[in-house]
Amino acid sequence: MNPQFLMDGLVAGAMIGLGAIGVTLTYSILRFANFGHGELLSWGAYLALAVSGALGLLSTSLTRPIGPFSFGWSLPLAAIVAVLLTGALALAVDAVLFGRLRARGSAVIILVMASFGASLALRSLLEFLFTSKPAYFTKALQIAMPLGAGLRATPDQLLSLAVALLAVLAVHLLMTRTDIGRAMRAVSENPALAGIAGVDVRRVIRVVWMLGAGLACLAGIMTGLLVQIRPYLGHDLLLPLFAAAILGGIGSVPGAMLAGLVVGLSEAAAVQIVGAEWRAAVSFVILVAVLLFRPRGLFGRSA
């Protein structure tokens, strides 16, 4: 077996892990599986593409590659704007749809089905605005650098791994060392009791949407940078996202990232062993196995 699958799996798993954090936080705080979360990856990538293109038109110097990377300063600047815009999009969807359903006391299954509808609407709107033709942040070619032990990686891939690691550390510190993090954990345990204790539950919900959407945006941007941008980018990653969220344990940020790496490595190994056509089945097998043998996941708590 070619050891290169390890690097490919780590890169793919880091993107899956970032997206899975949003899934696990949404489920932990809002108590429903948001099947529209994958579309936030797609919207984040396209929003960054649009802003980056606009910055490139304003100043061509912003498109010149930074050091060994394939992109210029227009992309990092666009990523900051895209994170904010994707967070605003998530808040808007919550205000228009999920917030109203929660106010009516709708059952969980209603919220889940509404998330399916939101997913279809957001994806269709993307196709209407940007068409279904694949897009790219840059078409510059990069030569993979040897890392030893038969592994090779491009500078963009190494940067993506570093960004994913820093993002997970930042979220973990936010959850464990700040007042809003403690409030999020309190709402996760018991929303009603947290509200009685003085926690602003609405503020916590807004932070969760912004945080999950921002991480999804980063995952979408890095996936688009390393592969390509398509309206179905997030949809294709939805099953791996849920597999990682459940495997890591609902509510566990490090668990979601670790599980994302497991899913990514498993998919990469499957490509080597049984062929690329079975890659999509790996996430399903992992998801079913976890639900059967360890429903609380690797780092989840018993109910």
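Preceding this paragraph is the structure being described.
Criteria and cut-off values
- Residues numbered from 1 in each chain as written.
- Predicted model: local features only at pLDDT ≥ 70, side-chain atom pairs only at ≥ 80, totals over all residues.
- Heavy atoms only, no water.
- Pairing = 2+ DSSP bridges.
- Helix = DSSP H or I, 4+ residues; strand = E, 2+ residues; numbered from the N terminus.
- Buried < 20%, exposed > 50% of the residue type's maximum accessible area, 1.4 Å probe, protein only.
- Polar contact = N/O pair within 3.5 Å; in protein donor to acceptor, adjacent residues only side chain to side chain.
- Contact = heavy atoms within 4.5 Å.
- Axes fitted to C-alpha atoms, helices over the stretch in contact; angles between N-to-C directions.
- Parallel < 35°, antiparallel > 145°, perpendicular 65-115°, else oblique.
- Left-handed = near helix turned anticlockwise from the far one by under 90°.
- Nonpolar A, V, L, I, M, F, W, Y, C, P; charged D, E, K, R; others polar.
- Phe/Tyr/Trp six-rings, centres within 6.5 Å; stacked < 30°, edge-to-face > 60°.

Asker: Describe the pairing of strand β1 (residues 145-148), and please don't skip the residues or the numbers.
Answerer: Here three bridges tie β1 to strand β2 (residues 151-153), and the two strands are oriented antiparallel to one another. Across the sheet, Gly148 pairs through a bridge with Leu151, a residue of β2. Remark: two residues form the turn of the hairpin made by β1 and β2, two consecutive strands paired antiparallel; Ala149 in that turn has positive phi of roughly 60°.

Asker: Give a detailed account of the side chain of Asp94, specifying residues and quantitative values.
Answerer: Secondary-structure assignment places Asp94 in helix α3 (residues 74-103). Given a relative accessible area of 9%, Asp94 falls into the buried group. Among the polar contacts listed, one links the side chain of Asp94 to the side chain of Trp209, at a separation of 3.0 Å. Other than its neighbours up to four places away in sequence, Asp94 contacts Gly99, Arg100, Arg102, Ile205 and Trp209.

Asker: Before we move on, can you summarise the packing of helix α9 (residues 233-248) against helix α10 (residues 253-273) with the specific residues and values?
Answerer: Helix-helix packing: each pair is described by the crossing angle between the helix axes and the interaxial distance. Close contact between α9 and α10 brings their axes to 7 Å; oriented N to C, the two are set at 130°. Considering their axes alone, α9 and α10 lie oblique with respect to each other. In this structure, α9 meets α10 at a crossing whose hand is right-handed. Note on element contacts: α10 touches α9 through Gly255, Ala256, Ala259, Gly260, Val262, Val263 and Glu267, opposite Pro240, Ala243, Ala244, Leu247 and Gly248. Taken together, the residues of the contact of α9 with α10 sort by class into eight nonpolar, three polar and one charged.

Asker: Outline the packing of aromatic side chains, listing residues and values.
Answerer: Enumeration over the complete set of coordinates arrives at six aromatic pairs. Aromatic pair Phe69 and Phe71: ring centres 5.6 Å apart, planes at 15°, arrangement stacked. By relative accessible area, Phe69 is classed as partly exposed at 23%. An angle of 10° between the planes, with centres 5.7 Å apart, marks the rings of Phe98 and Trp209 as stacked. One end of the pair, Phe98, is in helix α3; the other, Trp209, is in helix α8 (residues 201-226), with 111 residues separating them in the sequence.

Spatial relationships are all this shows, so hold off on functional conclusions.
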